[in-house]
2 protein chains.
Amino acid sequence: MNGAESLVKTLLASGVEVCFANPGTSEMHFVAALDDHPEMRCILCLFEGGTSGAADGYFRMSGRVAATLLHLAPGFGNAFANLHNARKAQSGVVNVMGDHASYHLRHESPLKGETTGISQAISHWTRTSADAAQVAADGAAAVQAARSLNGQIATLILPANTAWEAGSAPQVAAPPPALRLPPAAEIAAAVAALRQPGAALMVDGVALYDDATAQLAARIAAATGARLMAPFFAARSRRGAGSVRMQRLAYELDLNIAILADVKTLVLCGAQRPTAFFAYPGKPSLPEAPGTAVMELADIRMDIPGTLAAMADCIGPLPDLPADARQPLSLPPLPTGALSLEKVGAAIAHLMPEDTVVVNEAITSGAPVAGPLQTARGHEWLVTMGGAIGAGLPTAVGAAVACPERKVLCLSGDGSAMYTLQSLWTMAREGLDICTVIFANDTYRILHGELVNVGATQPGRNVARMFDMVEPSLDWVALAQGHGVQAVRVDSAEAFATAFAEAMGAKGPRLIVVPC
Amino acid sequence: MNGAESLVKTLLASGVEVCFANPGTSEMHFVAALDDHPEMRCILCLFEGGTSGAADGYFRMSGRVAATLLHLAPGFGNAFANLHNARKAQSGVVNVMGDHASYHLRHESPLKGETTGISQAISHWTRTSADAAQVAADGAAAVQAARSLNGQIATLILPANTAWEAGSAPQVAAPPPALRLPPAAEIAAAVAALRQPGAALMVDGVALYDDATAQLAARIAAATGARLMAPFFAARSRRGAGSVRMQRLAYELDLNIAILADVKTLVLCGAQRPTAFFAYPGKPSLPEAPGTAVMELADIRMDIPGTLAAMADCIGPLPDLPADARQPLSLPPLPTGALSLEKVGAAIAHLMPEDTVVVNEAITSGAPVAGPLQTARGHEWLVTMGGAIGAGLPTAVGAAVACPERKVLCLSGDGSAMYTLQSLWTMAREGLDICTVIFANDTYRILHGELVNVGATQPGRNVARMFDMVEPSLDWVALAQGHGVQAVRVDSAEAFATAFAEAMGAKGPRLIVVPC
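Numbers given for residues are sequential positions, taken from 1 along each chain in its written order. Lettering of chains starts at A and numbering of ligands starts at 1, both following the order in which they are written. Restriction of local features to residues with pLDDT of at least 70 applies here, the model being predicted, together with a cutoff of 80 or more for giving and counting side-chain atom pairs; totals for whole chains, interfaces and linings are based on all residues. Side-chain descriptors were evaluated using all non-hydrogen atoms of the structure, hydrogens and water having been removed beforehand.

Further remarks concern the overall build of chain A. When helices and strands are counted, chain A shows 20 helices and 18 strands. We take the radius of gyration over the C-alpha atoms and set the globule estimate at 2.2 Å times the residue count to the 0.38 power. The C-alpha radius of gyration computed for chain A amounts to 24 Å, which stays within 12% of the reference 24 Å derived for 516 residues, consistent with globular compactness. The principal-axis extent of the C-alpha atoms belonging to chain A is close to 65 × 60 × 45 Å. Buried means the residue's accessible area, taken with a 1.4 Å probe over protein chains only, is under 20% of the maximum for its type, while exposed means over 50%, and partly exposed covers the values in between. Taking all 516 residues of chain A together, the buried fraction comes to 65%. We call two residues contacting when some pair of their heavy atoms lies within 4.5 Å. Taking the intrachain contacts of chain A between residues at least 6 apart in sequence as the baseline, contacts between residues at least 24 apart amount to 80%. By definition, any uninterrupted DSSP run of H or I lasting at least four residues is a helix, any uninterrupted run of E lasting at least two residues is a strand, and each is numbered from the N terminus.

Right, here's the structure in full:
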């Protein structure tokens, strides 16, 4: 058994059964080993950003670690942006990056690059296998690292000779270390703080989608009189009818300043301290009111359900979940007439089946569409966590691979979708049940807004040339069909509803273009 | 004047007049400053790999440094692979990467990332502006760095507050330091070595495309009796009729072992020591014959023409350029009948105008096509220098921006083109005179070959799933049209010749799909 075979067997024995791949020559022995193990599902992405984004979506919806297969330093570079998003989503990913044979690295060859340097710029864990006999242990350690602390980016660099030389027996990844809990004194202090007027409990992580954990958070809030809050950006949230209601932060700094104005004590359980997405001249980085007591009880790398359970223990018997704690079901009627984003949202809310996984990277178009979905049938809501657009389509791929029985709905701006449009082909190749809606406004609309924020009022030629995707406009129907995905452009609310209903009724990838 | 304005004025004053851009919010003040200076040509790329690849092609054909405008760490990550290629091509590029305001970095926001870490993994020069008053000097230093040592990757990280706070007066980049020459004793030793039997002079850099320098190298070879050689991968080569003939290395290790078998002394002037692209089990990393004396006289970062001139001085009066030193003109007839790669090459050779810039990323299809071009009208030949496929289309964009009066011909494999297909839109947007030929073999053919090289003979399901772009096949006509580029798929040699002749006769982007 060579090193590559020992790695494939180690991954399989450790429960890694999907590999999002874009291989090159230095990974050829690993490819050959994968070929001997068809029980590893290898999914080709035609660009590496598709692999890392898919691994992110797969982890979020399955809780399982996937592997990516990446070529040397530049291939990893192409995966970098969506590894950044995956890192911010706390997704566990094992990257297998090939490298030249260790003895070849003393010579200058075209693909020689800083494999360790680029990995360390994004991975929580990086290791280069020193020899073939170490590969199995290194692979097991990588899987363990990826599963640790609620999910990490682990990158194993595999010099070609460690893949082809004699390896050792496969290993099984050890379980990740137990997650940390806050000390009892901090739990007690947090409970006391929540009982003060103007207190809020902000949760994140599993508390946003696991119903038992969400209920626990809501009952703690009810018991203490605190507001229950959630961040704007969350890796995964249960939304729509039946989900536990939480007050969510907004994207805009000014809105968050208003939302947090009355909060005197903010207890964070899994959530990061609210922070402006960007800094703006003359505005604060933190939206909290001056003087707010912020208690960072548990960060996202700790045991969130355990922390909530410890708080509950500290409180004593909790009240039942309040009657109005869950979002009601309220479906809008099917819209008619001229297209608008709100009508698209209404049609989606009316038609979307229970348990749809919605991946939202629609940026400026997302908010009007999301409104009617608040009371739609219960669904999952995934967003791009690191702000690096181009995650939407790949995340949808990974979510669909994780949940073949669920419909995936990918909402994307046209600008966002262009970064990783190659994922459309993977949707077609794998027959993934994804309906992609492209909001085609022919511009990076958010940048126009941000330009106003910095005080520019009369945009000129260079702004127009850099912000607007016109002359020519993109033809998304052609782009989708070029990748093998059936597509239609709609020009009325009825046409959207018809196309969307058809997509909900059929299996497999579809794309709908909404001019807006 | 804020820091951003001082930077734009510094770039312009220093002769940087093109900016390949994919901006985000943290670069908004820089965008506003660019907007006030329409004399800076801002060219939007819908994916950052397009910006870095274009800057590479622009430098190779103009010798001038372009700027790229990139968003934080993930945006830079998307540019990484083509920065790797640019680095290996010795292209000068100034990256302007935004970052959060320095005071915002203490908080966790979604886009916070290792800007310095990822830059240092690929750039020769990295600097983060410390405050707005330093930005002009930093920008001038970046341009100087990019122009140094025949071309470098220089990355200036611009925290948002250094862009919006008060800057200082613009600066002008100082000239780069003089290039180094080998000591006289080494020159003399090299000349003596070239006079030995079995000697070869291998040149690179400007010696491959500047006619005066190439002549000088050929006359030195004639005077000493040495073979004149060139590497397989070169950032820019003059080829076709009238170009100075040199014996070129091949891609394949075994071929290079044969080519170099008789070389007893190899003098390198600008060229790197020949090295296998990858290591293979049981094969050497270096193709040279055992015992070959390798003299690394001047590396690619030194003064190549100056080194050749010093060698000429050492030799004394040189013979005239030998009568057969230049490639003759010999155009094949227009082909007919069934399509083949050789016939495509013949049609191109027959029809391609003088001074066409050919960008070749056709990988396995490239060699058969290139054959007939050896005696076509004189042209430039650019290849992907770092082995990271996805450079072809962006390099063509940059070359066309650099040479608006010349026809650019981009030869690309379908697999390669998929990495950065968004560059098609930039071709359409800018009306670039580029004819792209996509060799659509529906597979990463080179990987099938490499798999055979590692001994796998019966590929199974996972190899097929990872190597072949079928089920579905890509529709390149639709993909091109979706980006706004006119396209046609041909099914015979005549159809190719007709489509290619039409493309050569018209201005603006075209795409021809060659099934193969």
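Right, let's talk about the packing of aromatic side chains for a bit. When two rings of Phe, Tyr or Trp (its six-membered ring) have centres within 6.5 Å they constitute a pair, described as stacked for plane angles under 30 degrees, edge-to-face for angles over 60, and tilted for the intermediate range. Under the criterion given, the structure shown has 19 aromatic pairs over all chains. Plain terms: the ring middles of Phe 232 of chain B and Tyr 251 of chain B are 6.4 Å apart, the flat faces sit at 55 degrees to each other, and that makes the pair tilted. Of this pair, Phe 232 of chain B sits in the loop between strand 8 (227–230) and strand 9 (237–239) while Tyr 251 of chain B sits in the loop between strand 10 (247–248) and helix 10 (253–259), and the two are 19 residues apart along the sequence. When its relative accessible area of 35% is taken as the criterion, Phe 232 of chain B is described as partly exposed. By relative accessible area, Tyr 251 of chain B is classed as partly exposed at 22%. With centroids separated by 5.2 Å and ring planes inclined at 55 degrees, the aromatic side chains of Tyr 251 of chain B and Phe 277 of chain B adopt a geometry described as tilted. Here Tyr 251 of chain B is found in the loop between strand 10 and helix 10, whereas its partner Phe 277 of chain B is found in the loop between strand 11 (265–269) and strand 12 (293–298), with 26 residues between them in sequence. Judged by its relative accessible area of 10%, Phe 277 of chain B is buried. Put simply, the rings of Phe 232, Phe 233, Tyr 251, Phe 277 and Phe 278 of chain A touch in pairs and so form one group of aromatic residues. Charge-over-ring placement is defined geometrically: NZ (Lys) or CZ (Arg) within 6 Å of the ring centre, and within 35 degrees of the ring normal. Of note, Lys 283 of chain A hangs over the ring of Tyr 280 of chain A, and the distance from its end group to the ring centre comes to 5.8 Å.

Across soluble globular proteins, nonpolar side chains show a tendency to be buried alongside one another. Think of a nonpolar core as a cluster: buried Ala, Val, Leu, Ile, Met, Phe, Trp, Tyr and Cys residues, connected wherever their side-chain atoms sit within 4.5 Å. By size, the foremost hydrophobic cluster in this structure holds 202 residues, and its most contacted members are Phe 20, Phe 30 and Trp 476 of chain A together with Phe 20, Phe 30 and Trp 476 of chain B. Aside from chain neighbours lying at most four places away, what touches Phe 30 of chain B is Ala 4, Leu 7, Val 8, Leu 11, Leu 69, Val 96 and Leu 158 of chain B.

Residue and element names in this part refer to chain A. The buried fraction of helix 16 (residues 423–430) amounts to 8 of the 8 residues, a majority that puts the element mostly inside the structure. Residues of helix 16 that are buried include every one of Ser 423, Leu 424, Trp 425, Thr 426, Met 427, Ala 428, Arg 429 and Glu 430, and no others. The positive-phi residue at the C-terminal boundary of helix 16 is Gly 431, with phi of around 60 degrees.

Here we come to the pattern of salt bridges. Any carboxyl oxygen of Asp or Glu that lies within 4 Å of a side-chain nitrogen of Lys or Arg is treated as forming a salt bridge with it. The full count for this structure, using the stated rule, is 40 salt bridges over all chains. Two residues, Glu 354 of chain B and Arg 238 of chain B, come together in a salt bridge whose shortest N-O distance is 3.4 Å. One end of the pair, Glu 354 of chain B, is in the loop between helix 12 (341–351) and strand 13 (357–361); the other, Arg 238 of chain B, is in strand 9, and 116 residues separate them in sequence. The exposure class assigned to Glu 354 of chain B is partly exposed, which follows from its relative accessible area of 46%. Beyond isolated ion pairs, a larger network of salt bridges with shared partners links Arg 236, Arg 238, Glu 354, Asp 355, Glu 380 and Arg 406 of chain A.

For the rest of this paragraph, the subject is the environment of Ser 102 of chain A. All names here are of chain A. Structurally, Ser 102 is set in the loop between strand 4 (93–99) and helix 5 (115–120). Measuring from C-alpha to C-alpha, the distance between Ser 102 and Ala 258 comes to 57 Å, with 156 residues separating the pair along the chain. Apart from the residues lying within four places of it in its own chain, the contact partners of Ser 102 are Pro 159 and Asn 161.

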